[in-house]
Amino acid sequence: MAEEKLKKPDEMFEVSLTPETGDWMEPAVEFRKGTYCYGAPLKHQKYLDLPNQREWQPVDADWKLPPDWKEIILEGMERLIKRHRSFRLFLDICVRCGACADKCHFFIGSGDPKNMPVLRAELLRSVYRRYFTPEGRLFGRFAGARDLTEDVLKEWFYYFFQCTECRRCSVYCPYGIDTCEITMMARELLNLVGCNIQWVVEPASNCFRTGNHLGVPPHAFQETLGFALDEIKDITGIAIDAPINRKGAEILFVAPSADYFASPHWFTFLGYLMLFHEIGLDYTWSTYASEGGNFGLFHSMELAKRLNAKIYAEAKRLKVKWVLGGECGHMWRTLHQYMDTFNGPADFLKEPQSPITGTRFENARSTKMVHITEFTADLLYHKKLRLDRSRNDQWRITFHDSCNPARGMGLLEEPRYIIRQTCNHFYEMPENTIREKTFCCGSGAGLGADENIEMRLRGGLPRANAVKYVKERHGVNMLACICAIDKAALPPLLEYWVPGVGVCGVHELLGNALVMAGEQERTTNLRGEPLTAGDGEGDVR
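Rules behind the numbers
- Residues numbered from 1 in each chain as written.
- Predicted model: local features only at pLDDT ≥ 70, side-chain atom pairs only at ≥ 80, totals over all residues.
- Heavy atoms only, no water.
- Helix = DSSP H or I, 4+ residues; strand = E, 2+ residues; numbered from the N terminus.
- Rg over C-alpha atoms; globule rule 2.2 N^0.38 Å.
- Contact = heavy atoms within 4.5 Å.
- Pairing = 2+ DSSP bridges.
- Axes fitted to C-alpha atoms, helices over the stretch in contact; angles between N-to-C directions.
- Salt bridge = Lys/Arg side-chain N within 4 Å of Asp/Glu carboxyl O.
- Buried < 20%, exposed > 50% of the residue type's maximum accessible area, 1.4 Å probe, protein only.
- Parallel < 35°, antiparallel > 145°, perpendicular 65-115°, else oblique.
- Left-handed = near helix turned anticlockwise from the far one by under 90°.
- Nonpolar A, V, L, I, M, F, W, Y, C, P; charged D, E, K, R; others polar.
- Polar contact = N/O pair within 3.5 Å; in protein donor to acceptor, adjacent residues only side chain to side chain.
- Expected span 1.5 Å × (residues − 1).
- Phe/Tyr/Trp six-rings, centres within 6.5 Å; stacked < 30°, edge-to-face > 60°.

**Re the overall build of the protein**
(1) Moving on: Tallying secondary structure elements over the protein gives 23 helices and 7 strands in all.
(2) Moving on: Scaling as 2.2 N^0.38, a compact globule of 541 residues should have a C-alpha radius of gyration of about 24 Å, and the protein matches this with 23 Å.
(3) Moving on: Each principal axis of the C-alpha distribution contributes one length, and for the protein these read about 75 × 50 × 40 Å.
(4) Moving on: Partitioning the contacts of the protein with sequence separation of at least 6, the portion at a separation of at least 24 is 78%.

Given below as structure tokens:
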């Protein structure tokens, strides 16, 4: 959607959460510009050897489905029901109590009742009832069952690609239903007949081709790393080394590719490099495993498994002891909840132990991978770093709990600990919008495409509204987060809803505050902005 055609914020804010009367069982979808993602390009379908390869777009009347598409979908559903006990359980036990209804950011931002998690799941559940339950086969619509038609399939595509798999609804479900899993299964079924979106398939294809989602080849990765080292030298006066593909290093470090090729991610990247130099970490980057994120998780379990395999393969090739991972979102849900069964056991690696503090990360005993904020928080707790918090005094900071590290792996306190140690002015957003109850950025799970901008802005409204609250109450002007998708999605979201609030990574804050041995007098932060004279004291909350 062209920028000039976007509604103004006050117009976008006018949303009715009272559903209109009508029959939800009738599929009726309008693929209106700004509300859907483009179909996957043919060349990327071919590279991944996906089913039903063809050029197509959701707005086409004819989706060029295979003649036996219905049988393919139903056979796929039967396989998933047999393979995943949770899938059948989630389809069977929902009582449609509506506890999740107003918890979805897309429903809050759009007012579309089919974006209520309970009703979105019902779009799939109704087909399950029709073909896999006796009451559905006997009584049809009277039992809440629907026939699988092309219109129903298009409705699946429209609404299951208006779900960021954030899992906020699951926090409130009294039965523990994880609607994200239903979305994942629905997308897997859509894949069986070739209904995929560009911003899932293309990054996955690039990852196989070059090792990362952005398609950055090895020589470009090396050159980019060199640019970062030069920039750090200009800021600090210190020459830093960053090894690549070095066999025998103790640690393999894996980050999302956006960290070394996008903004504001770049400043987090500089923070990593400065930290590793300062503590003398024995580590290496890899040009093969140059991506921690996993867009396969938004496509199918098989593709997620294939993409994730490269991390363990490279750790084994380079003969490292364990793996350290950067600030990313879906990287960590994949690693924390799926990696051991996808690609493990990683019995060739050792239980991670900090070479600086001696701390054993027992929570990573299975996967052998540690999140960078766990690692850094441990360093700070043991007072292994010198910090000048006043270097971040130009910012009044709040923190966005990224959905996958927060709800997906319980990483709640470590990033906050780093922020409090590196900044003087920190303010929390309202309690029901953070930690396990955090609102999504509205662009996760492959929905961060430009053509989907209206739904991104609508989906991000609840998060932006909480940021607006702390801006007005405390003068907050910087939102910190630990997810590459958030760092890409939140700047345009905040520019639209809450102008004047920037976005940064936690390790950018660390890099600013870090007092390195032998550094020259620091006159700028990592963004090249002049440092303000701070008093070294602030109201940390």
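Continuing now.
**Points about the environment of I434**
(1) Moving on: With respect to the helices and strands, I434 occurs in the loop between helix 19 (413-422) and helix 20 (453-459).
(2) Moving on: Remark: the alpha-carbon pair of I434 and E519, spanning 85 residues in sequence, is separated by 37 Å.
(3) Moving on: Discounting chain neighbours no more than four positions away, the residues touching I434 are F399, D401, R416, E428 and M429.

**Structural notes on the sheet that holds strand 3 (residues 322-325)**
(1) Moving on: In spatial order, the strands read 2-1-3-4; together these 4 strands make up an open sheet with parallel pairing. Here the strands that pair on one side only, and so sit at the sheet edges, are strand 2 (283-284) and strand 4 (369-371).
(2) Moving on: Examined bridge by bridge, strand 3 and strand 4 share 3 bridges and lie parallel to one another. Within the sheet, the bridge partner assigned to G325 lies in strand 4 and is H371.
(3) Moving on: Across the sheet, helix 17 (residues 372-381) is in contact with strand 1 (251-254), strand 3 and strand 4; its angle to strand 4 comes to roughly 70 degrees.

**Things to note about the pattern of salt bridges**
(1) Moving on: Tallied over the entire structure, the rule returns 30 salt bridges.
(2) Moving on: Residue D178 pairs with R333 through a salt bridge whose shortest N-O separation is 3.7 Å. With a gap of 155 residues between them, D178 in the loop between helix 9 (168-172) and helix 10 (179-192) and R333 in helix 15 (residues 330-337) connect regions that are remote in the sequence. Each member of the pair, D178 as well as R333, is classed as buried.
(3) Moving on: The salt bridge partner of E428 is R435, with a shortest N-O separation of 3.8 Å.
(4) Moving on: Residue class for E428 comes out partly exposed when judged on its relative accessible area of 22%.
(5) Moving on: By sharing partners, the salt bridges in this structure join D401, E413, R416, E428 and R435 into a single network.

**Details of the packing of helix 13 (residues 265-279) against helix 17**
(1) Moving on: Look at helix 13 against helix 17: their axes get within 13 Å of each other, and the N-to-C directions meet at 45 degrees. Here helix 17 runs oblique to helix 13, going by the angle between their axes. Handedness of the helix 13/helix 17 crossing: left-handed. Residue-level contacts link Y272, L275, F276 and I279 of helix 13 to I372, F375, T376 and L379 of helix 17.
(2) Moving on: Looking at the contact of helix 13 with helix 17, its residues break down into 7 nonpolar, 1 polar and no charged.

**Here we look at the sheet that holds strand 7 (residues 502-505)**
(1) Moving on: Reading across from one edge, 5-6-7 is the order of the 3 strands in this open sheet, with parallel pairing throughout. The open sheet has two free edges, formed respectively by strand 5 (397-399) and strand 7, since each of these has just one partner strand. Going across the sheet, the axis of each strand differs from the next one's by a mean of 35 degrees, ignoring polarity.
(2) Moving on: In this sheet, strand 6 (residues 478-481) lies alongside strand 5 in parallel orientation, the contact comprising 3 bridges. Each bridged residue has a counterpart across the sheet, and for T398 the counterpart in strand 6 is L479.

**Quick word on the side chain of R146**
(1) Moving on: Here R146 shows up in the loop between helix 7 (134-139) and helix 8 (150-160).
(2) Moving on: Since its relative accessible area comes to 3%, R146 is described here as buried.
(3) Moving on: In terms of polar contacts, R146 uses its side chain to reach the side chain of S126, at 2.9 Å.

**Examining the side chain of S390**
(1) Moving on: Examined against the element boundaries, S390 turns out to sit in the loop between helix 17 and strand 5.
(2) Moving on: Looking at S390, its side chain comes within polar contact range of the side chain of D388, at 2.6 Å.

**Some words on helix 12 (residues 218-236)**
(1) Moving on: Over its 19 residues, helix 12 extends 27 Å from the first C-alpha to the last, a length consistent with the 27 Å expected when each residue adds 1.5 Å.
(2) Moving on: Those residues of helix 12 not exposed but buried are A220, F221, T224, L225, A228, L229, I232, I235 and T236.
(3) Moving on: Buried-residue contacts for helix 12 involve helix 13.
(4) Moving on: Residue G237 follows helix 12 closely and has a positive phi angle near 80 degrees.

**Quick word on the packing of aromatic side chains**
(1) Moving on: What the rule picks out here adds up to 27 aromatic pairs.
(2) Moving on: For the ring pair F31 and F157, a centre distance of 6.3 Å and an interplane angle of 50 degrees mean the geometry is tilted. Of the two residues, F31 sits in the loop between helix 1 (9-12) and helix 2 (42-47) while F157 sits in helix 8, which places them 126 residues apart along the sequence. Comparing F31 with F157, the two get one shared label, buried.

Function cannot be inferred from these measures alone, as they are strictly geometric.
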